[in-house]
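Structural description and commentary
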Amino acid sequence: MDEALEVVDVVADSGFEGLISWALRIAGLLAILAGLGLWLGTEMGLLVIPALLILGGLVLLVAPSVLLALAEFA
């Protein structure tokens, strides 16, 4: 966890925190849409991959905000 906060701190110091956080949010949104597309377009037996894509997308949507807030407090 310390390494992740250190990377976030370096990104925040470089001034690209807005660009990086929006890129991660867009990647998260695309992962959610891909997961929903796989879930709705396939049989009901294959639910592991779409579920992982949706969960990963949710993490990518929330992670930039949480990591930047933790970097400011540290």
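Let us look at the structure shown here.

About the thresholds
- Residues numbered from 1 in each chain as written.
- Predicted model: local features only at pLDDT ≥ 70, side-chain atom pairs only at ≥ 80, totals over all residues.
- Heavy atoms only, no water.
- Helix = DSSP H or I, 4+ residues; strand = E, 2+ residues; numbered from the N terminus.
- Buried < 20%, exposed > 50% of the residue type's maximum accessible area, 1.4 Å probe, protein only.
- Contact = heavy atoms within 4.5 Å.
- Patch = residues over 30% accessible without salt bridge, like charges linked within 9 Å, V, L, I, M, F, W, Y side chains within 5 Å.
- Areas by Shrake-Rupley, 256 points an atom, 1.4 Å probe, with all protein chains shown as cover.
- Salt bridge = Lys/Arg side-chain N within 4 Å of Asp/Glu carboxyl O.
- Lys, Arg positive; Asp, Glu negative; His and termini not counted.
- Charge placed at Lys NZ, Arg CZ, Asp CG, Glu CD.
- Phe/Tyr/Trp six-rings, centres within 6.5 Å; stacked < 30°, edge-to-face > 60°.
- Lys NZ or Arg CZ within 6 Å of the ring centre and 35° of its normal.
- Expected span 1.5 Å × (residues − 1).

Focus on the overall build of the chain
Check the secondary structure of the chain and you find 3 helices and 0 strands. For the chain, the succession of helices and strands along the chain, N to C, is α-α-α. Here the chain holds 74 residues, and 15% of them are scored as buried. Counting only contacts in the chain whose residues sit at least 6 apart along the sequence, the fraction spanning at least 24 positions is 63%.

Looking at a negative patch on the surface
Negative charge collects at one region of the surface, where Glu3, Glu6, Asp9, Asp13 and Glu17 lie side by side. Looking at the negative patch, the element that brings in the most residues is helix H1 (residues 2-14), giving 4 residues. With respect to the helices and strands, the residue Asp9 is situated in helix H1. Residue classification places Asp9 among the partly exposed positions, given a relative accessible area of 36%.

Topic: the packing of aromatic side chains
Applying the stated criterion across every chain, the model contains 0 aromatic pairs. The ring of Trp22 carries the charged tip of Arg25 above its face, separated from the ring centre by 5.0 Å.

Comments concerning helix H2 (residues 17-41)
For an α-helix, 3.6 residues make a turn, and residues three or four places apart therefore share a direction. Between the first and last C-alpha of H2 there are 36 Å, a value that for 25 residues agrees with the 36 Å anticipated at 1.5 Å per step. Along H2, the residues classified as buried are Ser21, Gly28, Ala31, Ile32 and Gly35.

Quick look at the environment of Gly35
Structurally, Gly35 is set in helix H2. Put simply, Gly35 and Val48 are 13 residues apart on the chain and 9.7 Å apart in space, counted from C-alpha to C-alpha. What Gly35 contacts, discounting residues up to four positions off in sequence, is Pro50, Leu53 and Ile54.

So, the environment of Arg25
In this fold, Arg25 is placed in helix H2. Sequence-wise, Arg25 and Gly57 are 32 residues apart; in three dimensions their C-alpha atoms are separated by 8.2 Å. Setting aside residues up to four positions removed in sequence, Arg25 forms contacts with Leu60, Leu61, Pro64 and Ser65.

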